[in-house]
Amino acid sequence: MSSQKTQGGKATQVRKQIAVIPGDGIGKEVIPQAVQAIQATGAAVDFTDFDWGADRYLRDGTTVPPEGFAMLGRDFDAILVGAFGDPRVKTNIHAKEILLGMRFRMDLYANVRPVRLLDAALCPLKGVEPKDVDFVVLRENTEGVYTDAGGVFKQGTADEIATQEDINTRKGVERIIRYAFEYCKTHTKLDGSPRSKVLMCDKSNAMTHAGGLWQRVFREVSAEYPQITAQHMYVDALCMQMVRDPRQFDVIVTNNLFGDIITDLSAGLQGGLGMAASGNIHPGRTSMFEPVHGSAPPIAGKNQANPFGAILTAAMMLAHLGFEKESARIEAAVLEAVRQKKVTQDIGGSLGTKEAAAWIQKFLSS
Ligand code: ATP
């Protein structure tokens, strides 16, 4: 946890402790660049690296060492994660145990995914400007169909049955919906104007049991925030509206599965997976920050990955830790890189991962 240094008997800076887990594939390329961007801001943080990922799993069979999650929660202020997934680990067991383990076992229930367009050229939609795409998706992160409840019966026979349970608890639904209203109350848009709308997205017309719970809780919690406009959309309609008119969205709250899907769609509005940042948060506890993209095996090790999603994730983590100024400097640097086309191929540039990140570091150091 935070450490205090003394100089001549006087306490100086509280340094924050960050655990760094690059993981697999392009995670190993982009996370070191994000760390260097943080270092270039001079933020008072210390980093500790962990080798959890496919290489270690293939070497000695461990995914998370004993007491690993307890150690992260006890000894660190935040965790910076890359991505997990490696074609050599067919079961993807390590990804499940490390990434879902962190989200579930550390109870990081709010997956916060800001969706912001830095430059009109990055958006595939016609006539859409940066001011038109500035919303956030709050995805429930510990329940839903990702809990792995269910099973397979008579596997491999013509009578095979597979069930995947959708778990929704009153506590889980209520806390993410409340988080969304609190987020709306306490955050502004990029232009400084207040946020004012929370939209709950579900499929309650077809999934009536779980959807009914989400509907009831949303009605109850929204009544406590009369100054915030409460809205609702079915997930299929929301997908269509996101492409037709992203201007209408402000704060969106939804379950684990729908949140996963609509944030890939919304990453498309920002320039692709390489531009999207996220945080996995439990207020008051050690939280984890990761770019939205995965390990991207086809481009791993080729110096092609866009490092900006990871670097913007680092900025998000700094803001969470109270380093608002340093966070804003990183965001300004990425914005300038995009404007000057000092970017990777996925967003129309010609730089490699290292070169694009080096431009950011130089900008921050100047
Ligand atoms: P996961 O299920 O772990 O989220 P995924 O298979 O859905 O992973 P990714 O690994 O994120 O998807 O990537 C899919 C594709 O998107 C990649 O193969 C790559 O072409 C592109 N991509 C993802 N991240 C980046 C990035 N940072 N820079 C450039 N391209 C990227």
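Throughout this description, residue numbers start from 1 for each chain and increase along the sequence as written. pLDDT decides what is reported in this predicted model: residues at 70 or higher carry local features, side-chain atom pairs at 80 or more are listed and counted, and totals for whole chains, interfaces and linings draw on all residues regardless. With hydrogens and water set aside, each side-chain value is computed from the structure's full complement of heavy atoms.

J.: Mind showing me how you'd approach the packing of aromatic side chains here?
T.: Think of a pair of aromatic rings as described by two things: how far the centres are apart, and how the planes are tilted against each other in angle. Here a pair means two rings of Phe, Tyr or Trp (six-membered ring of Trp) with centres within 6.5 Å. Their orientation is stacked below 30 degrees between planes, edge-to-face above 60, and tilted elsewhere. Tallied over the full model, the rule gives eight aromatic pairs. Grouping aromatic residues by their ring pairs yields a cluster made of F50, W52, F69 and F76. For a ring to carry a charge above it, either NZ of a lysine or CZ of an arginine must fall within 6 Å of the ring centroid while also lying within 35 degrees of the normal to the ring plane. It is K203 that lies over the ring of Y234; its NZ or CZ is 5.9 Å from the centre.

J.: Any chance you could explain the pattern of salt bridges here in plain terms?
T.: Where side chains of opposite charge bring their charged atoms close, a pairing between them can arise. For this analysis, a salt bridge means a side-chain nitrogen from Lys or Arg found within 4 Å of a carboxyl oxygen belonging to Asp or Glu. In this structure the tally under the stated criterion is 23 salt bridges. R88 is the partner of D86 in a salt bridge, and the nearest nitrogen-oxygen pair spans 2.8 Å. When accessible area is computed with a 1.4 Å probe and restricted to protein chains, residues below 20% of their type maximum are described as buried, those above 50% as exposed, and intermediate ones as partly exposed. Taking the relative accessible area as the measure of exposure, D86 reaches 15% and is therefore buried. Here R178 makes a salt bridge to E174, at a shortest N to O gap of 3.1 Å.

J.: Help me understand the site of the ligand, please; the structure alone is not making it clear to me.
T.: Definition of nearness: a residue and a molecule or strand are near each other if at least one heavy atom of the residue lies within 4 Å of the molecule or strand. Near the ligand the following residues occur: I26, L273, G274, H293, G294, S295, A296, P298, I299, A305, N306 and D346. Take S295: an N or O atom from its main chain is 3.4 Å from an oxygen atom of the ligand. Note that Gly is not counted as nonpolar here; it falls among the polar residues with everything else outside the nonpolar set of Ala, Val, Leu, Ile, Met, Phe, Trp, Tyr, Cys and Pro and the charged set of Asp, Glu, Lys and Arg. The residue makeup of the shell around the ligand, split by class, is six nonpolar, five polar and one charged. Between N or O atoms, a polar contact is any pair within 3.5 Å; within protein, one atom must be a potential hydrogen donor and the other a potential acceptor, and residues adjacent in sequence are included only when both atoms are from side chains.

J.: Is there a simple way to explain the packing of helix α7 (residues 235-244) against helix α8 (residues 256-270) in this structure?
T.: Packed helices, taken two at a time, are described by the angle between their axes plus the distance between the axes. Between N-to-C directions, angles span 0 to 180 degrees; the directions come from axes that are lines fitted to C-alpha atoms, helices contributing only their stretch in contact. For helices the rule is a DSSP run of H or I covering at least 4 residues; for strands it is a run of E covering at least 2, with both sets numbered from the N terminus onward. Contact pair α7 / α8: the axes reach a minimum separation of 10 Å and the direction vectors enclose 10°. Comparing their axes, α8 and α7 come out roughly parallel. Every residue of α8 that contacts α7 at V235, L238, C239, M242 and V243 is listed here: F258, I262, L265, S266 and L269. Of the residues in the contact of α7 with α8, the class split is nine nonpolar, one polar and no charged. Under this scheme an angle from 65 to 115 degrees is roughly perpendicular, one under 35 degrees roughly parallel, and one over 145 degrees roughly antiparallel; angles in between are oblique. The criterion used for residue contact is that any of the two residues' heavy atoms lie within 4.5 Å.

J.: Can you help me understand the domain arrangement of the protein chain in this one?
T.: It is common to give the size of an interface as the accessible area that goes away when the parts come together. The domain limits used here are those given by an automatic or database domain assignment. What the domain assignment reports for the protein chain is domain 1 (13-108 + 282-366) and domain 2 (112-146 + 165-274). Using only C-alpha atoms to locate each centre, domain 1 and domain 2 end up separated by 24 Å. Residue-level contacts link 20 residues of domain 1 with 19 residues of domain 2. Accessible area, probed at 1.4 Å, shrinks when two parts are joined; the buried area is that loss added up over both. At the boundary of domain 1 with domain 2, total buried surface from both sides reaches about 1700 Å², with 59% on carbon and sulfur atoms. Ranking the residues of domain 1 by area buried against domain 2 places R103, F104 and V292 at the top, with a combined share of 31%. Across the contact surface, domain 1 and domain 2 share two salt bridges. Ionic pairing is found between R116 and E331, a salt bridge with its closest N-O pair at 3.1 Å. For the interface between domain 1 and domain 2, the tally reads five residue pairs in polar contact (both at pLDDT 80 or more).

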